[in-house]
Amino acid sequence: MEMVSSRCLVAVLTCFFMLSLVSATIVSHNGRAITIDGKPRVLLSGSMHYPRSTPGMWPDLVRKAKEGGLDAIETYVFWNSHEPSRRQYDFSGNLDLVRFIKTVQAEGLYVVLRIGPYVCAEWNYGGFPMWLHNMPGCELRTTNAVFMNEMQNFTTKIVDMMKEENLFASEGGPIILAQVENEYGNVMHSYGAAGKAYIDWCANMAESLDVGVPWIMCQQSDAPQPMINTCNGWYCDQFTPNNPNSPKMWTENWTGWFKSWGGKDPHRTAEDLAFAVARFFQTGGTFQNYYMFHGGTNFGRTAGGPYITTSYDYDAPLDEYGNLNQPKYGHLKQLHDILHSMEYTLTHGNISHIDYGNSVTATIYANEQGSGCFFGNANQSSDATIEYQGTKYTIPAWSVSILPDCKTVGYNSAKVKTQTTLLVKQTNQAEDEPSSLTWSWIPENTHRTSLLGKGRVHAHQLVDQKAAANDASDYLWYMTSVHLKEDDPVLSFDTKLRINATGQVLHAYVNGKHMGSQFARYGVSHYVFEESVKLKPGKNVISLLSATVGLPNYGPMFDLVPSGIPGPVELIGQKDDETVVKDISSHTWSYSVGLDGFNHELYASDHSKKWMELDLPTDRMMTWYKTTFKAPLGKDPVVLDMDGMGKGFAWVNGNNIGRYWPTYLADEEGCSLEPCDYRGAYDNNKCVTNCGKPTQRWYHVPRSFLVDGENTLVLFEEFGGNPGRVNFQTITAGKVGMSAAEGEEVELSCNGKSISGIEFASFGNPQGSNGDYMVGTCQGSNDTLSIVQKACVGKESCKIEVSKDLFGSTNCGADVVNTLAVLAVC
């Protein structure tokens, strides 16, 4: 047994009065814990990004986070959203950062403010505004005077806003930690010596702002003092801060993973996530944050990547719509409760370790008031039985048992003792859909642009889309003309148009006629478009519409990744063995940003332009559709089913709910029909579903976007689709299931609705999990189904003690743990 002495815990308490008459909160740290007003804390936090939800959702989300056992909410600050034009700021609506922080404060939770201002976050361009990239002489994330001036200006702007509202803990507010930069250590080597100088500057700049709370830098192993370096990843139990006086902190524990167009749905099991958290606190962790606790939605054009979906669900404990993701939410809540019960022991106890071999360890925290134990088994396949102080304990593979008194197991990460909720989608009860949706339409005016080939900006070269469009739109026209004489060999040859492209989508037109379209795949930054074309003597107009699907957000110098059409653009004539190549890349090109319908705001619900109601086209490119609908009844979250549509944007009452692309199917390989085995290290390819199905079919419509009476839905369809199958639905709890062993308790809840029936109930050795149950080989002597029906049907929730006294004796063998499994219908 190895003994590790407890570190001295020091907190300097200073009391002073602010002009606002709020009391200061002193936040400090040492090598053991974050200390708040003299009390060392075990802090559990969860990421929520305010722009990925709406102000109407914030109170409910924060309340559920608190009920789930969190102490704090962590959020990034999104520079490109708040400063879309230089020195023009926007903090309205779901960008109201102050309101969000005050909402968190109202629930009694702390805030970790990750100002960055680079955020990554699968957010468009990593949160950088495009005007910054386009400033003369600007180089991002390095020792560049132009960039550092703008970064300091925005960081100072955010800090000053927080100070004006007394939101830092030192002023009596909820913000206990602030972050500058973000995961720079992952890419710093690409910037050489200038990268190290830049990170030193970041630290000095942050300290100069005098926020009165500690600053953190995640994934920055050489973080300058007094910055606290922190860990991001699937597992951070082996992480050690770069300074012994810094606490061990985990700023991003990935609860799942983001999804890309063409990608499958990633899932991380509740058991593995809990194992990672328990291991972290077993090995001296003090602060742990879930990324994400609520992922939310990439509204508008905020999704980055490129190719990140509109959904940012992240398999988080609160799903995209704000529902409890059970059993993950409940399993973690139980873990949080037991960790909080041990807070004094974990922050004051002497630490000792026992190595039992074969990846089995025990960690004991002991002080004058008692002791607490963690028994960990990191073996991926073998359960372990150990003896501690004369008692034997069995620890399942890939799990941690927590004993608050070092005697009785209070929690095991592999044993889920909370309900599984199966969510279902229901049709809109407000009207008979989808037949009630009556559509009108307007064609996007591509013909005029593609035929005339005239834009407002001209250049004798192909221009990067970031520079030309300034991120004002996904769409940019590249237009030029080619003059051919009667005897030009290209006219007599089989001619093809070849384009080297880096925009995610390309539509090619020659003399106003659509020649073809092509799009890339996630992770592919370049592709070549090549199609046969018909040219004529004289002037030929070549118009290329490039469309981005979010801009890069991560990687060394991601800001320099080309977008649009870098070229070359060539006309290639082929006849027999003879080839003629005309490179038109250096011709005079004109550029036009956006499409007419966007520029004229056809998506505005009060737009006065005449829409056509007859001869509704389907499978037609570049078409606008419009309809009205009634808001679904009740309070359940609303989703828009886009089955039948191709690719485009959707607006509800003028609110852009994001890009849709249901025709982009997820890869067909990699899914399994077998339940995911939580044992063994997780990555985003381990447990996936949805193979061969639309990457995203349903799109979140926050109820705050809806009004009583008539609502307006506008679609812009880029590829061609059929709006006849589009409809609104709600998401609600359909069934809830749970199993518990004898001596434990089954607790079921239909999330505000009544339990209408019991589909399955068995006491003995029922088989299956997660609500998919079947009768085993032995059962209790009493009528289990009728007992559960009597206890639960008609109630919003019910609790049942699992015992032979209630369900009768079983004929199961002595080696079988009698278990009750129930599946209830909501």
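Note: the structure precedes this text.
S.K.: I'm lost on the sheet that holds strand S28 (residues 527-532) in this one. Help?
M.R.: Sheet strands line up and pair through hydrogen bonds in the backbone, either parallel or antiparallel. Spatially, the 4 strands line up as an open sheet ordered S28-S25-S30-S31, and their pairing is antiparallel. Both edges of this open sheet fall to S28 and strand S31 (578-583), since each of them pairs with a single strand only. Along the sheet, successive strands turn relative to each other by an average axial angle of 20 degrees, direction set aside. With 6 bridges connecting them, strand S25 (residues 494-501) and strand S30 (residues 569-575) associate as antiparallel partners. Each residue of the ladder has a partner; that of Leu-497, found in S30, is Leu-571.

S.K.: What am I meant to see in the sheet that holds strand S3 (residues 34-36) here?
M.R.: In spatial order, the strands read S2-S3-S4; together these 3 strands make up an open sheet with antiparallel pairing. Looking at the sheet topology across the chains shown, the edges are occupied by strand S2 (27-29) and strand S4 (39-41). The sheet shows a mean angle of 35 degrees between the axes of neighbouring strands, taken without regard to direction. Judged from the 3 bridges that link them, S3 and S4 form a sheet pairing that is antiparallel. Across the sheet, residue Ile-36 finds its bridge partner in S4, namely Lys-39.

S.K.: Looking at this structure, I do not really get the environment of Phe-728. What am I missing?
M.R.: Here Phe-728 shows up in strand S40 (residues 727-741). For Phe-728, a relative accessible area of 0% gives the class buried. Spatially, the C-alpha atoms of Phe-728 and Ala-631 are 8.4 Å apart, while their sequence positions differ by 97 residues.

S.K.: Can you help me understand the pairing of S30 in this one?
M.R.: Remember that side chains alternate between the two faces of the sheet whenever the strand is regular. For S30, a buried count of 5 out of 7 residues is recorded, marking the element as mostly surrounded by other parts of the structure. Here S30 runs beside S31; their pairing, made up of 6 bridges, is antiparallel. Of the residues in S31, the one forming a bridge with Gln-574 is Thr-579.

S.K.: I'm lost on the pairing of strand S18 (residues 391-395) in this one. Help?
M.R.: The pairing of strand S17 (residues 384-388) with S18 spans 5 bridges and is antiparallel. Its bridge partner lying in S18, Tyr-388 is registered against Thr-391. With antiparallel pairing between neighbouring strands as the criterion, S17 and S18 make up a hairpin whose turn holds 2 residues, including Gln-389 at a positive phi of roughly 50 degrees.

S.K.: In this structure, what is going on with unusual backbone geometry? I would like to understand it.
M.R.: Across residues other than glycine, the phi torsion is negative in most instances, and most of the peptide bonds are trans. Between Gly-116 and the following residue, Pro-117, the backbone shows a cis peptide bond with an omega angle of 5 degrees. Structurally, Pro-117 is set in the loop between strand S7 (110-116) and helix H4 (130-133). Residue Gln-326 is joined to Pro-327 through a cis peptide bond whose omega torsion reads 20 degrees. Looking at the element boundaries, Pro-327 is found in the loop between strand S13 (287-294) and helix H8 (328-341). At Glu-183, a position not held by glycine, the phi torsion is positive, near 50 degrees.

What counts and how
Residues numbered from 1 in each chain as written. Predicted model: local features only at pLDDT ≥ 70, side-chain atom pairs only at ≥ 80, totals over all residues. Heavy atoms only, no water. Pairing = 2+ DSSP bridges. Helix = DSSP H or I, 4+ residues; strand = E, 2+ residues; numbered from the N terminus. Axes fitted to C-alpha atoms, helices over the stretch in contact; angles between N-to-C directions. Buried < 20%, exposed > 50% of the residue type's maximum accessible area, 1.4 Å probe, protein only.

By themselves these figures say nothing about function.
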